[in-house]
Every structure is written in structure tokens, then in C-alpha cells.
Amino acid sequence: MVAEVRKLMKRYPSFVLDEVSFDLERGKITGFIGRNGAGKTTTIKSMLNLIHPDSGDVRFFGMPIVDNKTGIKKRIGYSTGTVSWYPRKKIRDIVDIIKRFYETWDDTAYHKYLELFSIDEIKTPLELSEGMKVKLNLLLALSHRSEVLILDEPTSGLDPFSRNELLEIFTKLKEDGTAVFFSTHIISDIEKCADDIVYISRGKIIAALPKADFILKYSVDGETLEDTMLRMEGGMIHA
Amino acid sequence: MRNILRKEMRLSASVLSYLFIVFGLMFLLPGYPILCGAFFVTLGIFQSFQAAREANDILFSVLLPVAKKDVVKGKYLFVCLIEACALLLMAISVILRMTVFSESDVYRSNALMNANPFALGMACVIFGLFNALFIGGFFKTAYKFGRPFVSFIFAAFLVTFIAEALHHMPGLGVLNAFGTDHIALQFVLLAASIAAFVLFTLLSYRKARENFERIDL
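Residues numbered from 1 in each chain as written. Chains lettered and ligands numbered in written order. Predicted model: local features only at pLDDT ≥ 70, side-chain atom pairs only at ≥ 80, totals over all residues. Heavy atoms only, no water.

A tally of regular secondary structure across chain B gives nine helices and zero strands. Reading the helices (α) and strands (β) of chain B from amino to carboxyl end gives α-α-α-α-α-α-α-α-α. The globule rule puts the C-alpha radius of gyration for 217 residues at 17 Å, and the 18 Å found for chain B is close to it. Reported as C-alpha extents along the three principal axes, the dimensions of chain B are approximately 55 × 30 × 25 Å. (Helix = DSSP H or I, 4+ residues; strand = E, 2+ residues; numbered from the N terminus. Rg over C-alpha atoms; globule rule 2.2 N^0.38 Å.)

What follows is the structure, given as C-alpha cells:
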């Protein structure tokens, strides 16, 4: 396991993240699916210690994140959708600062992905399209040889072509041994590339298992994954 | 630590923070409340906090492989660096007014505060208050800076008003010393003000670290 999430709890006045548990494995793509407001971002932020869970445990590479934040952050990459850091600074200048924080920064990988993603480092993030912003965030994460990529809604707001392109990149990364964990509310993204599914609804994990097992367990004959999830989510609301 | 300071200076900072250091030279202006120069320097620093918030700087910094307390330290170091540069310009102005221009009519007939070590000390107090009220206040939430800045404005102008008024009080004329007059007292006041700056900054830094550690981002 590269990451273990155990019984994460976070209480807000109108929302509870309720004992969220799942694992991430090396060389696998895990799709974190749930409707808007289901608790995906809260879970991801808790995993990264950006918010303080009331209870529960998050471990990366066998180490608890609360005690090993700096070391763990060097080995993971995080991207939150299309948020752009320092929108008016040249990408080249941003990278020049970031790389100094990572002993593992790999200039060869940086230039490889720069070319692969067709990013012009003279541009500023403000000049990039939404899809390119996601790619830039990925580029930064990949250039320090992240072993785990945690991506919050990376495909939201992207056109179908860019989404497809991104999912293909995930597949390539997985083949290189990277664990990719991405949240989405777009079921077809999961259908296309995920090995494992973590399904969250109203703050609770409904299922966390390989996609094939998920289909076997929850789908009825002739149903697509999308049909299954819509049926399950509908059942959850009317429960 | 060098990396986080470099990040502050090259990514988070607004160019105005650097440009407004020049307001330290307002210590050369006759007939003007010179401590406003210190306030304008802080106005430049405020621009960096505004620019940083628009650039999602705090979240970006926390995601870097550094401890959360180092993010706070980076901000304080950057601000202290700007303040130190401004104080250097103010100190040069004070030295010029104490030596070369000590007999200048334009300064001697100045009804407002003279630029001397006491004035330099008051600038230190204003910077200390900025660090305590503004930066300390900012790190209570890591995004709200309106109220902290307004409280600093009140404090800064209160200090300016008091400093400008004091030497008109009976027996306190020595505060407005020219040249090397009352030099020992002037330096004692400067040293006390520097101590106040250090105290305000360190106490607020420690509190800011604690507050920021508790914040959910």
C-alpha cells in the first residue's frame, strides 16, 4: 500500500465525513466518485493534512502524515482542478522556485512532460486554458517524481478531448508505477481508466474495491457503471 | 529557509513592496510628518499580502515540502527584510540630518518632528505594530486582512500623532534634539524602540505560528 486512510472523521455543522477508510496501491488508478458535496474534497484535504480531521489516521508509505508531513509531501503530488498558482508569473519562474524545494526534482522529466503536455514555459498560468492549467499542475507534480498523485476533480470543466487525453496520461503514469487517485463526479472517467473505485455518498464510503468487483457486486445485467451508480445514488437519497 | 524566503521575494511579493521602501527617504522631508514614511512602507507590504491571496499563495506554500510554521516564518522574514531596508534609508536620512544638515534653516525651523534617533525608534515601533497587528491578525484566518490592516492604521496614526505631539509638551523638547544634542538619551530611546520592535515581532510570530497550525485550509 502506498496510502492507507482509516476511519477519517470530520464534523461540520451541516456535514459529517463519517469514518472514511480506503487504500491506494502502487501502479493503480483509483477513481474517487461521488456527487457534488459528498465529501470528496474534505477527504482529500484531510489526507493532505490541509484540514484537521477530528479523528482517524492517514498514512503514506507506512508513515502517519501528521508526523511526517515534509518528507511525505516530497513524495506525493497534489493538484486541485484548474486552480492556478501565481497566475501572472511566468511558468518558468514558478518552476525555478518550486524545484529548489525537492531534492528529487528531475529536469529531464520536467522537459519531457513539458513537451508531452505542449506547455510553453514562457506563458503565465493566466494565459492557459482550463485543460492546460490541469496539465501544468500535473507537470509540477510529476517533475519531482511523485509516487502518489492526488488530484481533486482534474477533469471537471475540461472538454471531452482534453479529458480523454488526461485519462490516457493517467494510464501511462500507472504503467510507470505511480499511484493515481483522482476525484470526479463524472462516472465515465472512472469507467474509462480506473482500476479501483472508492464511492462516497453523503460523507460515507459506500464501496471501496476493484472496479471489476464493484460491477460484479452492484451492477445488474445490462447496466452500465453509470446506470449502477445513478441507481445506487438514487436509492441513497430515498433511503 | 532560504527557499521559502526566495519564494516570498520572487513569487508572493508585489513589486510595490520593493518600490515603497523608497518612502524611507521621507525622513529627509521638512515640514512633513516623517513617520508617514513608515506607514507608506507598510502599505507596500500590504500589497504583497493582497497579491499573494489572489495567487493562492498560502495553499501553494502549505503544499510545498516545508513545515506549516516555516510558511509563517517566510512571511515574517520577508516583511522584516523590507522593513530593515526602509529603516536603513531612514537611518541614512537621520545621519545626514544629524551631521551635514544639522544647522540647515529649513530643518531647524521645521515645526514638525525632527528626524533623529528618537524618530527612527518610532518608525521601529510602527513596524513592530504592523507585524503584531497586521501579520499576526492575518494568520488568525490566513485570508482576512481587512480588519487587521484597519487596526494597524489606527495604531500607526496614534503613534505618529503622539510622537509628533510629545516634543511640544513642557520638558519633552529634548525628544526633538538636533545634531548630536542629548545623544545619549536619543540612543537609549532608539534602543528601547528596537527592543519593542523585536518583542512585538517575536510574540506575534509565535502566536501566528500557533494560529496557523490550527487553521483548516
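From this point on, the discussion continues.
Another point: empty space enclosed by the protein. Considering all chains together, one arrives at two cavities of 30 Å³ or more under this definition. Roughly 340 Å³ of volume is contained in the largest cavity. Taken together, 23 residues form the lining of the largest cavity, with Tyr78(A), Tyr102(A), Phe60(B), Leu63(B) and Leu64(B) sitting closest to its centre. At the level of elements, helix H2 (69-75), strand S6 (76-80) and helix H5 (130-142) of chain A together with helix H4 (57-63) of chain B are the ones that each hand at least two residues to the lining of the largest cavity. For the lining of the largest cavity, the per-class residue count stands at 14 nonpolar, five polar and four charged. Roughly 30 Å³ of volume is contained in the second largest cavity. What lines the second largest cavity is simply Phe49(B), Ala52(B), Arg53(B), Ile58(B), Lys75(B) and Phe138(B). For the lining of the second largest cavity, the residue count by class is four nonpolar, no polar and two charged. (1 Å grid on protein atoms, 1.4 Å probe; cavity = no way out; pocket = protein on both sides within 12 Å on 5 of 7 lines; lining within 4 Å. Points joined across faces, edges and corners; volume = space filled by probe spheres on them. Nonpolar A, V, L, I, M, F, W, Y, C, P; charged D, E, K, R; others polar.)

Before going further, it helps to spend a moment on a nonpolar patch on the surface. Where nonpolar side chains cluster on the molecular surface, the patch consists of Leu88(B), Ile92(B), Leu96(B), Val100(B) and Phe101(B) and spans about 440 Å² of accessible area. The exposure class of Val100(B) is exposed, given its relative accessible area of 61%. (Patch = residues over 30% accessible without salt bridge, like charges linked within 9 Å, V, L, I, M, F, W, Y side chains within 5 Å. Areas by Shrake-Rupley, 256 points an atom, 1.4 Å probe, with all protein chains shown as cover. Salt bridge = Lys/Arg side-chain N within 4 Å of Asp/Glu carboxyl O. Buried < 20%, exposed > 50% of the residue type's maximum accessible area, 1.4 Å probe, protein only.)

Moving on, we get to the interface of chain A and chain B. Where interface size is given, it is often the accessible area lost as the parts come together that is meant. Contacts between the two partners involve 26 residues from chain A, matched on the other side by 27 residues from chain B. Summed over the shared surface of chain A and chain B, the number is three salt bridges. In this structure, Lys69(A) and Glu213(B) form a salt bridge, with 3.8 Å as the shortest nitrogen-oxygen distance. At the boundary of chain A with chain B, the tally comes to 13 residue pairs in polar contact (both at pLDDT 80 or more). Broken down by secondary-structure element, the contributors of at least two residues to the side of chain A that touches chain B are strand S1 (3-12), H2 and helix H3 (91-98) of chain A. Broken down by element, the side of chain A that touches chain B gets its largest block of residues, five residues, from H3(A). Of the residues contributing to the side of chain A that touches chain B, the split by class is 14 nonpolar, three polar and nine charged. (Contact = heavy atoms within 4.5 Å. Polar contact = N/O pair within 3.5 Å; in protein donor to acceptor, adjacent residues only side chain to side chain.)

Residues and elements named next belong to chain A. Relative to the assigned elements, Asn 49 resides in the loop between helix H1 (40-47) and strand S4 (55-60). The exposure class assigned to Asn 49 is buried, which follows from its relative accessible area of 12%. Sequence spacing of Asn 49 and Leu 17 is 32 residues, and the spatial spacing of their C-alpha atoms is 15 Å. Asn 49 has contacts with Ile 65, Val 66 and Lys 69, leaving out every residue within four places of it along the chain.

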